[in-house]
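# Structural description and commentary
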Amino acid sequence: MINFQYSCASDVTEAIGLLAAHSGAKLIAGGTNLIDLMKESVEKPTRLIDISRLPLRQIEETGDGGLHIGALVPNSDLAYHPLIEERYPLLASAILAGASAQLRNMASVGGNLMQRTRCAYFYDTATPCNKRTPGSGCSAVDGLNRNHAILGTSAFCIATNPSDMSVALAALDAVVHIAGPSGERTMGMREFHRLPGDTPHVDTNLERSEIITAIELPPRGFAGNYSYLKIRDRVSYAFAIVSVAAALEFDGHAIRKARLALGGVAHKPWCSVEAEAALQGQPATTDHFARAADLLLQGARTYAHNGFKVELARRAVMRTLTQAANASPQSQAHKKIA
Amino acid sequence: MTDSTNQIPDRIRLSFVVNGTKRTLDLVPWTTLLDALRDHLGLTGTKKGCDHGQCGACTVLVDGRRINSCLTLAVMKDGAEITTVEGLAQDGTLHPLQQAFIDHDAFQCGYCTPGQLCSAAGLLSEGRAKDADEIRELMSGNLCRCGAYPNIVAAIQQTMSWP
Ligand SMILES: Cc1cc2nc3c(=O)[nH]c(=O)nc-3n(C[C@H](O)[C@H](O)[C@H](O)COP(=O)(O)OP(=O)(O)OC[C@H]3O[C@@H](n4cnc5c(N)ncnc54)[C@H](O)[C@@H]3O)c2cc1C
Ligand code: SF4
Ligand code: FES
Ligand code: FES
């Protein structure tokens, strides 16, 4: 691995101060993404700021009936927390669909949001990649792009965001709490990740010296009608080719509120207010689900090897909405797709 | 300010309790927990398969939780309590999981086995797996190149049904 200096931060202010003082520094939480990338010389921080001992491990109820989740809560603790299982089972399900039991024990909420793409060229320092080396070109556009994005791409980068948790957080309209040199701010989950444009080396709207301190879930948890469906090449311990988070609330037979987010298809969790609005007030029928899927996938653009993703995503959206409407969410252990 | 990459960082003194014994080490910061265990403490039971979190051969228990020791730094575990495969047997008696792996012929080359055992020990204490499908899912972070999976699941099931 590369050489680096190490500091252990004892509070958030110290972590921000160290980040601001050392231009080559990076935060480390669980280490499961950063250490991997450092072993590949993709990430080359000159200093690691260990934030794993910061007191950001609480899960607390907020005044308005939501939940405040510290950025260092391990993924497994979050997925198995009684309040998450009871009120936000969509989030629990998405987390348990990702990585492995060991990795979920290590991975933090903040690190999960910040994990980088799994584009194979990004990992391979022998190939051009605008995300790794700005201006070097994108090897995937005309290369092996079966796993790449179909929405929101640019000529500079067609990578996908690999996080399962983020897809559920986008569907649930979570809010990211951020602290930085100039104070604290919040950002909606749907605005947190960005599209590649001509600066694909920037994954999110977090500033360099900022740190994620927490995630906040709004009161509405969609615990009755939800599902997270993840389609991948092997049924566990693999990244999504396409994943769908769907959440519904009913007024009798009519859909009162619908939430949809797609994973594995874009540089960020993919949402569309038009698709969600099209479901509102409608009965839970295949026709309406198909229309929502089409709206969500509007503008899809495919490359040499990922054309299949459009139809796969369309069917996955319809299937996941059906699972949600029937209150038969996809099990992450019993793999048969209901 | 930029840290110079030429500057060799000082070794950092850290201690953890490994299999019940306190160990103190002076390590450069980029030493992974896996390398600390194998190269600095001579505990070569824990295996290096991929070194990238993709195989589970390096699984150990840190403060009772299973993790991949290849993706954490030793300095980040200062003060922790670590159990490796060498620490599973107690007073010369095999851990029930070790006995079950023998009973069920749950390995061939044995390279993945230390990781499988530590992972299964973590799975048992988590208490989330209730049937074979759930064992399979929650053990998916441990690959077995020899394909001993059915026997590994059977061995864990045997251990779970013990009183
Ligand atoms: C083999 C393998 C399979 C995987 N499979 C999946 C999968 O199927 N689905 C999935 O979603 N994920 C998967 N993952 C990825 C895993 O979820 C992430 O590696 C993990 O969530 C990262 O969290 P961490 O705390 O370990 O982050 P770290 O590695 O510590 O940090 C990652 C990045 O986040 C930054 N960071 C960390 N905390 C903060 C903070 N509080 N504020 C600001 N920046 C911060 C760091 O500076 C770093 O750049 C897999 C990983 C591996 C190795
Ligand atoms: S898709 Fe993005 S990450 Fe992959 S090679 Fe192109 S620029 Fe790099
Ligand atoms: S060696 Fe750690 S997961 Fe393979
Ligand atoms: S027994 Fe050979 S890899 Fe599992």
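The rules we used
- Residues numbered from 1 in each chain as written.
- Chains lettered and ligands numbered in written order.
- Predicted model: local features only at pLDDT ≥ 70, side-chain atom pairs only at ≥ 80, totals over all residues.
- Heavy atoms only, no water.
- Contact = heavy atoms within 4.5 Å.
- Buried area = accessible area lost by both parts, 1.4 Å probe.
- Salt bridge = Lys/Arg side-chain N within 4 Å of Asp/Glu carboxyl O.
- Polar contact = N/O pair within 3.5 Å; in protein donor to acceptor, adjacent residues only side chain to side chain.
- Nonpolar A, V, L, I, M, F, W, Y, C, P; charged D, E, K, R; others polar.
- UniProt positions renumbered as here; feature names shortened; annotations may be inferred.
- Helix = DSSP H or I, 4+ residues; strand = E, 2+ residues; numbered from the N terminus.
- Pairing = 2+ DSSP bridges.
- Axes fitted to C-alpha atoms, helices over the stretch in contact; angles between N-to-C directions.
- Near = heavy atom within 4 Å.
- Buried < 20%, exposed > 50% of the residue type's maximum accessible area, 1.4 Å probe, protein only.

An unreviewed UniProt entry annotates chain B as Oxidoreductase of Bradyrhizobium manausense.

As recorded in an unreviewed UniProt entry, chain A goes by the name FAD-binding molybdopterin dehydrogenase, listed as coming from Bradyrhizobium manausense.

What follows covers the interface of chain B and chain A. Each partner contributes to the interface: chain B provides 42 residues, whereas chain A provides 45 residues. Taking both partners together, chain B and chain A bury about 3600 Å²; carbon and sulfur atoms supply 50% of that area. At the junction of chain B with chain A, the criterion picks out four salt bridges. With a shortest N-O distance of 2.7 Å, B:Glu137 and A:Lys335 are connected by a salt bridge. Applying the counting criterion to the chain B and chain A interface returns 21 residue pairs in polar contact (both at pLDDT 80 or more). Of the residues in the side of chain B that touches chain A, the class split is 15 nonpolar, 15 polar and 12 charged.

Our focus in this paragraph is the UniProt feature "domain: FAD-binding PCMH-type" (unreviewed entry) in chain A. Listed under "domain: FAD-binding PCMH-type" (unreviewed entry) in the UniProt record, and renumbered for this structure, are residues 1-222 of chain A. A helix fraction of 28% and a strand fraction of 17% characterise residues 1-222 of chain A, whose end C-alpha atoms lie 44 Å from each other.

Before going further, it helps to spend a moment on the sheet that holds strand E3 (residues 59-62) of chain B. Residues and elements named next belong to chain B. Pairing is mixed across the open sheet formed by five strands, whose spatial order is E2-E1-E5-E3-E4. Because the sheet does not close on itself, it has two edges, and the strands there are strand E2 (21-27) and strand E4 (65-68). Taken pair by pair, the neighbouring strands of this sheet meet at an average axis angle of 40 degrees, ignoring direction. By the bridge criterion, two bridges tie strand E1 (residues 12-18) to strand E5 (residues 81-83) in an arrangement that is parallel. Following the sheet pairing, Val18 is matched in E5 by Ile82. The sheet strands contacting helix H1 (residues 33-40) are E1, E2, E3, E4 and E5, and the helix crosses E2 at an angle near 105 degrees. Lying on the sheet, helix H3 (residues 113-126) is in contact with E3, E4 and E5; it crosses E3 at an angle near 40 degrees.

Turning our eyes to something else, we now look at the site of ligand 2. For ligand 2, the set of nearby residues contains 14 residues, the closest of which are A:Cys119, A:Cys129, A:Cys138, A:Cys157 and A:Ile158. Within the shell around ligand 2, the residues separate by chemical class into 10 nonpolar, three polar and one charged.

Moving on: unusual backbone geometry. The phi dihedral of A:Ala99 falls on the positive side, at around 55 degrees, and the residue is not glycine. By secondary structure assignment, the location of A:Ala99 is in the loop between helix H5 (89-96) and helix H6 (101-106). Here B:Asp91, not a glycine, exhibits a phi torsion of approximately 45 degrees, which is positive. Position of B:Asp91 among the secondary structure elements: in the loop between E5 and helix H2 (96-103). Overall, the relative accessible area of 79% leaves B:Asp91 in the exposed class.

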